[in-house]
Every structure is written in structure tokens, then in C-alpha cells.
Amino acid sequence: MPEMRFVIAWPDGREETCYSPSLVIRDFFEEGQTYPIRDFLDRSRKALTIASDRVEVKYGYPCSLARGQLARIEEACSLFLADADARVRCESFIL
């Protein structure tokens, strides 16, 4: 199963490299696009859940790395949810 990483920029300018066990993340994000924080969170939940489910179908157990990445994203997003203008930028994909 091809895994990938994707680089994002948080509303405060910090960059973070995130992990996905599947290329499905590219169905939810585009390089160079920015997303309102709640939309980014929703897309992340959907994409990483699908990715983890694909691992489960193939190997018989969900992907703990995808679940951990989602938990990290949820935690980081919580810092910005009160700001209606907060946006996350998808910088790039790393295959």
C-alpha cells in the first residue's frame, strides 16, 4: 500500500509534515489550496479514516499511524477553532 506524507501550514505559520498510509489524501486536498479550519478538520477525518480502513481491509487491523495523525490534527485544530478566519494550507505532497 503506497504511503505518503503531506506538508501543511497552520494558521500561525508553523509547517507540519503529516502521514497517510494511502494516497487517498490527494482526493481530499490540493497542493497550494487553503481550507477553513473546520473544513480542513472534516476532510482530514474523512481521508485518514478511509486510509486506515484500507489498511484494515488489507492487513486485518486499522492503521495506528493514521489514527495517531488524526489525533494530532484534531489537537492542533482545537487551538484555532474559535477563529472563524483560521485557514490551513496544503503545501505539498511527498510520495
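Residues numbered from 1 in each chain as written. Predicted model: local features only at pLDDT ≥ 70, side-chain atom pairs only at ≥ 80, totals over all residues. Heavy atoms only, no water.

Here the focus is the pairing of strand 4 (residues 87-94). In terms of strand pairing, strand 1 (residues 4-9) meets strand 4 through five bridges, oriented antiparallel. Along strand 4, the bridge assignment pairs alanine 9 with arginine 89. By the bridge criterion, three bridges tie strand 3 (residues 34-36) to strand 4 in an arrangement that is antiparallel. Bridging from a neighbouring strand, tyrosine 35 pairs with valine 88 of strand 4. (Pairing = 2+ DSSP bridges. Helix = DSSP H or I, 4+ residues; strand = E, 2+ residues; numbered from the N terminus.)

Turning to the packing of aromatic side chains, a few remarks are in order. A complete count under the given rule lists six aromatic pairs for this structure. Judged by centre distance (5.7 Å) and plane angle (85°), the ring pair of tryptophan 10 and phenylalanine 40 falls under edge-to-face. Remark: phenylalanine 40 occurs in helix 1 (residues 37-59) and tryptophan 10 occurs in the loop between strand 1 and strand 2 (15-20); sequence separation between them is 30 residues. Overall, tryptophan 10 belongs to the buried group, its relative accessible area being 2%. Their ring planes at 40° and their centres at 5.2 Å tell us that phenylalanine 29 and phenylalanine 40 sit as a pair that is tilted. (Phe/Tyr/Trp six-rings, centres within 6.5 Å; stacked < 30°, edge-to-face > 60°. Buried < 20%, exposed > 50% of the residue type's maximum accessible area, 1.4 Å probe, protein only.)

Turning our attention to the nonpolar core. By size, the foremost hydrophobic cluster in this structure holds 29 residues, and its most contacted members are Trp10, Ile25, Phe29, Phe40 and Ile73. Taken together, the elements giving at least two residues each to this core come down to strand 1, strand 2, helix 1, helix 2 (64-78) and strand 4. No other element matches the seven residues that helix 1 contributes to this core. For isoleucine 73, the contacting residues outside a window of four places in its chain are Phe6, Trp10, Cys18, Phe40, Leu41, Ser44 and Leu48. (Core = buried A, V, L, I, M, F, W, Y, C linked by side-chain atoms within 4.5 Å. Contact = heavy atoms within 4.5 Å.)

A rise of 1.5 Å per residue sets the reference length of helix 2, with its 15 residues, at 21 Å; its end C-alpha atoms lie 21 Å apart and thus fit the reference within 8%. Among the residues making up helix 2, those that are buried are Ala66, Gln69, Leu70, Ile73, Ala76 and Cys77. Axial view of helix 2: buried residues confined to an arc of 130°, hence all on one face. Set apart from the buried face of helix 2 by more than 90 degrees, the exposed residues are Ser64, Arg67 and Glu75. Packing partners of the buried residues in helix 2 comprise strand 1, strand 2 and helix 1. (Expected span 1.5 Å × (residues − 1). Arc of directions from axis to C-beta.)

The description of two helices packed together rests on the angle between their axes and the distance between the axes. Relative orientation of the contacting elements helix 1 and helix 2 amounts to 170°, with a least axis distance of 9 Å. Here helix 2 runs roughly antiparallel to helix 1, going by the angle between their axes. Along the contact surface, helix 1 presents Ile37, Phe40, Leu41, Ser44, Arg45, Leu48, Thr49 and Ser52, while helix 2 presents Ala66, Arg67, Gln69, Leu70, Ile73, Glu74 and Cys77. Along the lines of polarity and charge, the residues of the contact of helix 1 with helix 2 split into eight nonpolar, four polar and three charged. (Axes fitted to C-alpha atoms, helices over the stretch in contact; angles between N-to-C directions. Parallel < 35°, antiparallel > 145°, perpendicular 65-115°, else oblique. Nonpolar A, V, L, I, M, F, W, Y, C, P; charged D, E, K, R; others polar.)

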